[in-house]
Amino acid sequence: MYSAHEFGLMTFTGVAVIALLLVIIGVFSVMAYTVSLQTHEIGIRMALGAQQGEILHMVLQKGVALIAAGIFIGLFASYALTRFLTSQIWGVSATDPWTFVAVVIVILLVGLTACLLPARSASRVDPLVALRYE
């Protein structure tokens, strides 16, 4: 059947996919909620002459801050757990810099993609509708 290493790899792959889905859902949900709370502010900004690009930049900037905080906490936690990780992974060291860089890039790209939809909807808000929004 499967050796212990192959079974562990398949198990960790499933857990990693679930974790990535949770990142997508979490970042999207928080950003959508934040944008919905700021609809009035975004409407005022649009009524005063803010361009769609500026609104898009503002929302994406908040998303990047959220993602950066999550990446920092995750890197700190994974580096702190290297003693446990060394017994669980094979073929790479627990502090392999390429692995850490690859994970940061994947999480950053996935997080920015999850932020893009709420940011686009915020940049397309009608100022008159947003000003009446309560």
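These notes cover the structure that comes with them. All figures in this text were calculated on a predicted structure; none of them were measured in a lab. (Residues numbered from 1 in each chain as written. Predicted model: local features only at pLDDT ≥ 70, side-chain atom pairs only at ≥ 80, totals over all residues. Heavy atoms only, no water.)

1. Digging into the pattern of salt bridges
Counting across every chain of the model gives one salt bridge. Its salt-bridge partner being E41, residue R45 comes within 3.0 Å of it at the nearest N-O pair. A residue pair is termed a helical-turn pair when its members lie 3 or 4 positions apart in one helix, as R45 and E41 do in helix α2 (residues 39–47) at four residues. Residue classification places R45 among the partly exposed residues on the basis of a relative accessible area of 37%. (Salt bridge = Lys/Arg side-chain N within 4 Å of Asp/Glu carboxyl O. Helix = DSSP H or I, 4+ residues; strand = E, 2+ residues; numbered from the N terminus. Buried < 20%, exposed > 50% of the residue type's maximum accessible area, 1.4 Å probe, protein only.)

2. A few points about the nonpolar core
In terms of nonpolar packing, the biggest core is built from 18 residues, with V27, I42, I55, V59, C115 and A122 touching the most fellow members. Only α1 (4–37), α2, α3 (52–80) and α5 (97–123) provide two or more residues apiece to this core. Non-local contacts of I42, meaning those with residues more than four positions away in its chain, are made with V35, I55, M58, A122 and V125. (Core = buried A, V, L, I, M, F, W, Y, C linked by side-chain atoms within 4.5 Å. Contact = heavy atoms within 4.5 Å.)

3. Notes on the side chain of Q38
Tracing the backbone shows Q38 in the loop between α1 and α2. Setting aside its immediate chain neighbours within four residues, Q38 contacts M58 and K62.

4. Description of the packing of α2 against α3
It is the contact of α2 with α3, at a shortest axis distance of 10 Å, that shows an interaxial angle of 150 degrees. With respect to each other, α2 and α3 are oriented roughly antiparallel. For the pair α2 and α3, the crossing hand works out as right-handed. Residue-level inspection shows E41, I42, R45 and M46 of α2 in contact with α3, the latter providing Q52, I55 and M58. Of the residues in the contact of α2 with α3, the class split is four nonpolar, one polar and two charged. (Axes fitted to C-alpha atoms, helices over the stretch in contact; angles between N-to-C directions. Parallel < 35°, antiparallel > 145°, perpendicular 65-115°, else oblique. Left-handed = near helix turned anticlockwise from the far one by under 90°. Nonpolar A, V, L, I, M, F, W, Y, C, P; charged D, E, K, R; others polar.)

5. A closer look at α2
Among the residues making up α2, those that are buried are T39, I42, G43 and M46. Summarising the axial view, the buried residues of α2 lie within an arc of 100 degrees, below the 170-degree limit, and thus occupy one face. Looking one or two residues beyond α2, the residue adopting positive phi is G49, at roughly 110 degrees. (Arc of directions from axis to C-beta.)

6. With respect to the side chain of S123
By the element assignment, S123 lies in helix α5. Under the relative-accessibility criterion, S123 is labelled buried at 5%. Within the local environment of S123, its side chain forms a polar contact with the backbone oxygen of R120, the two atoms lying 2.9 Å apart. Filtering out sequence-adjacent residues up to four positions away, S123 remains in contact with M46, Q52, I55 and L56. (Polar contact = N/O pair within 3.5 Å; in protein donor to acceptor, adjacent residues only side chain to side chain.)

7. Let's talk about the packing of α3 against α5
Look at α3 against α5: their axes get within 8 Å of each other, and the N-to-C directions meet at 150 degrees. As judged from the angle between their axes, α3 and α5 are roughly antiparallel. Two packed elements cross with a definite hand, and for α3 against α5 that hand is right-handed. Every residue of α5 that contacts α3 at Q52, I55, L56, V59, L60, G63, V64, I67, I71, L75 and S78 is listed here: F100, V104, I107, L108, G111, L112, C115, L116, A119, R120, A122 and S123.

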